[in-house]
Amino acid sequence: MNPRRFTSSRKLDHLRICLEEDIESGSTGFEDIKLVHNALPDSDMDTLDLSTDLFGHRFGSPLFISAMTGGHPDTTRVNEVLAQAAQKYGLGIGVGSQRAAIEDQSLEETFSIVRETAPDAFIVGNLGIVQLRDHGIEWAETAVEMIDADALAIHLNFLQEATQPEGDHNATGCLDALRELCREFSVPVIVKETGCGFSEEIARLCYGAGAACIDVGGYGGSSWAAIESFRAGKGEAGGDQRLSDLGLLFKEWGIPTAISVTEAVRCGGPVIASGGIRTGIDIAKALVLGAKLGGMALPLLKPACDGIEALSETIETIQQQLRIALFLTGHTRVSEMPDTRWYGTGPTAQLIQR
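First, a word on what this report is: a plain description of the structure on this page. By convention here, each chain's residues receive numbers from 1 onward along its written sequence. The model is predicted, so local features are restricted to residues of pLDDT at least 70 and side-chain atom pairs to those at 80 or more, both for listing and for counting; the totals for chains, interfaces and linings are taken over all residues. Think of the side-chain values as coming from all heavy atoms in the structure, minus any hydrogens and water.

1. Looking at the overall build of the chain
Then step 1. To qualify as a helix, a DSSP run of H or I must reach at least 4 residues; to qualify as a strand, a run of E must reach at least 2; elements of each kind are numbered from the N terminus. Across its full length, the chain carries 16 helices and 12 strands.
Then step 2. Relative to a compact globule of 354 residues, whose C-alpha radius of gyration would be 20 Å, the chain shows 19 Å and is just as compact.
Then step 3. When its C-alpha atoms are laid out on the principal axes, the chain stretches across 65 × 45 × 40 Å.
Then step 4. By residue count, 56% of the 354 residues in the chain fall in the buried class. Here the globule rule is a power law, 2.2 Å times the number of residues to the power 0.38, and the radius of gyration is based on C-alpha atoms. Burial status follows relative accessibility: with a 1.4 Å probe on protein chains alone, a residue under 20% of its type maximum counts as buried, one over 50% as exposed, and anything between as partly exposed.

2. Focus on the packing of helix α10 (residues 224-233) against helix α11 (residues 241-249)
Then step 1. What counts as an axis is a line fitted to C-alpha atoms, over the stretch in contact for a helix, and the angles between N-to-C directions run from 0 to 180 degrees. Relative orientation of the contacting elements α10 and α11 amounts to 160 degrees, with a least axis distance of 7 Å. By the angle between their directions, the pair α10 and α11 is classed as roughly antiparallel. Of the two possible hands of crossing, α10 and α11 adopt the one that is left-handed. Taking contact as the criterion, the partners of Ala225, Ala226, Ser229, Ala232 and Gly233 in α10 are, on α11, Leu243, Ser244, Gly247 and Leu248. Note that the term roughly parallel is reserved for angles under 35 degrees, roughly antiparallel for angles over 145, roughly perpendicular for angles of 65 to 115, and oblique for everything else. Handedness of a crossing follows from how the near helix is turned relative to the far one, being left-handed for an anticlockwise turn of less than a right angle and right-handed for a clockwise one. In this analysis, two residues are considered to be in contact whenever any of their non-hydrogen atoms come within 4.5 Å of each other.

3. Notes on the nonpolar core
Then step 1. Residues enter a nonpolar core if they are buried and are Ala, Val, Leu, Ile, Met, Phe, Trp, Tyr or Cys, with the set joined through side-chain atoms within 4.5 Å. The biggest cluster of nonpolar side chains holds 96 residues, and the ones touching the most others in it are Ile65, Leu82, Leu152, Leu181, Phe185, Ile214 and Leu300.
Then step 2. Setting aside chain neighbours within four positions, we find Leu82 in contact with Ile65, Met68, Ile93, Leu300, Ala304 and Leu311.
Then step 3. Counting residues in each nonpolar core, the second largest holds 11 residues, with Leu54, Val124, Ala153 and Ile272 among its members.

4. Some details on the pattern of salt bridges
Then step 1. For salt bridges, the criterion is a side-chain nitrogen of Lys or Arg within 4 Å of an Asp or Glu carboxyl oxygen. One pass over the structure, following the stated rule, counts 17 salt bridges.
Then step 2. Between Arg333 and Glu336 there is a salt bridge whose closest N-O contact spans 3.1 Å.
Then step 3. Classification of Arg333 by relative accessible area gives partly exposed; the value is 39%.
Then step 4. Relative accessible area serves as the criterion here: at 19%, Glu336 is assigned to the buried category.
Then step 5. Residues participating in the shared-partner salt-bridge network are Glu200, Arg204, Glu263 and Arg266.

5. Here's the deal with the packing of aromatic side chains
Then step 1. Each Phe, Tyr or Trp ring (for Trp, its six-membered ring) is paired with any other whose centre lies within 6.5 Å, and the angle between the two planes then decides the class: stacked below 30 degrees, edge-to-face above 60, tilted in between. Under the definition given, this model contains three aromatic pairs.
Then step 2. For the ring pair Phe250 and Trp253, a centre distance of 5.6 Å and an interplane angle of 55 degrees mean the geometry is tilted.
Then step 3. Members of the aromatic cluster, each reached through a chain of ring pairs, are Phe55, Phe59 and Phe122.

6. Observations concerning the pairing of strand β8 (residues 189-193)
Then step 1. The element β8 is extensively covered by neighbouring structure, given that five of its five residues are classed as buried.
Then step 2. The two faces of β8 match: Val189, Val191 and Glu193 on one face and Ile190 and Lys192 on the other face are all buried.
Then step 3. Here, a strand pair is defined by DSSP locating no fewer than two bridges between the strands. Note: strand β7 (residues 151-156) against β8, five bridges, orientation parallel. Residue pairing for β8: His155 is matched across the bridge by Lys192.
Then step 4. Orient the strands so they point away from the viewer, and a crossover whose first-strand-to-second-strand path over the helix runs clockwise is right-handed. In this view, the connection linking β8 to its parallel neighbour strand β9 (residues 213-215) by way of helix α9 (residues 200-208) has right-handed handedness.

This is the structure in structure tokens:
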């Protein structure tokens, strides 16, 4: 198969597996974070302000539509619906890896539809750090220009690469490539993990390289090791049972999202919490721990496939959950959430160094 077509086909495999299979890993740690209840909130819940700011942009709420898809003609409609929601609710939105469309310009519409549909949204482009290292700033510029992006996410996915049939196992030179990009690039660079989370040490390294933000992409949500296990085991990539078993074994690998947020926040830069965030309460807890936004992907994917009405209902439910959490902690606006008192319990309390 043509390598460019193979990249596109792989994107469709990923989307189908996410919709049809059990690919979630384990505990994010948020269940061990208990927010202190305010029994006498002095506010009107229906007038609470969910808006927040990042990179000088005002977001309608801290819910961020995390990178999901693109790069295959069948994904265009999904990205269009996600973009409709971003425009409607004033949300930030990230696109999936743009590699396929950079390699094959006929696929650009699967991504450019996002900007066409959401002219006012804060849109984050997406490129893998291996592609950045191998192709340089030119590919990063192409990714931004393709969708008129407001920021660029450089994703780190070495667990996926290690368990993928066609994965790249060479990570040398990536930090230098990140430094060069951050030094010369025109839009903010977000460094994003894809399911294994950030330690304080690596977050600090990325901020030191010039990253404007860390998207922790922690353990507890969709597992790319599990996704690649399904691809390998079911024959989409050759029926490699050894790789399939490896993917299942490493499904439990990573830093839980709640812990990763606390470690990244200690570095002082802005943080996006993602990885297994499933409710507005999870977003509230992430904000209390210091994150600026809470990213969701899988919970929005199926509704997006069903259309804008289904996706709108899902988003409004999540935002109502967040609004109630804000109300019950005695706050009137999202910016006050880091002041909330909280308790850590269970294994998470043992792992978070406060």
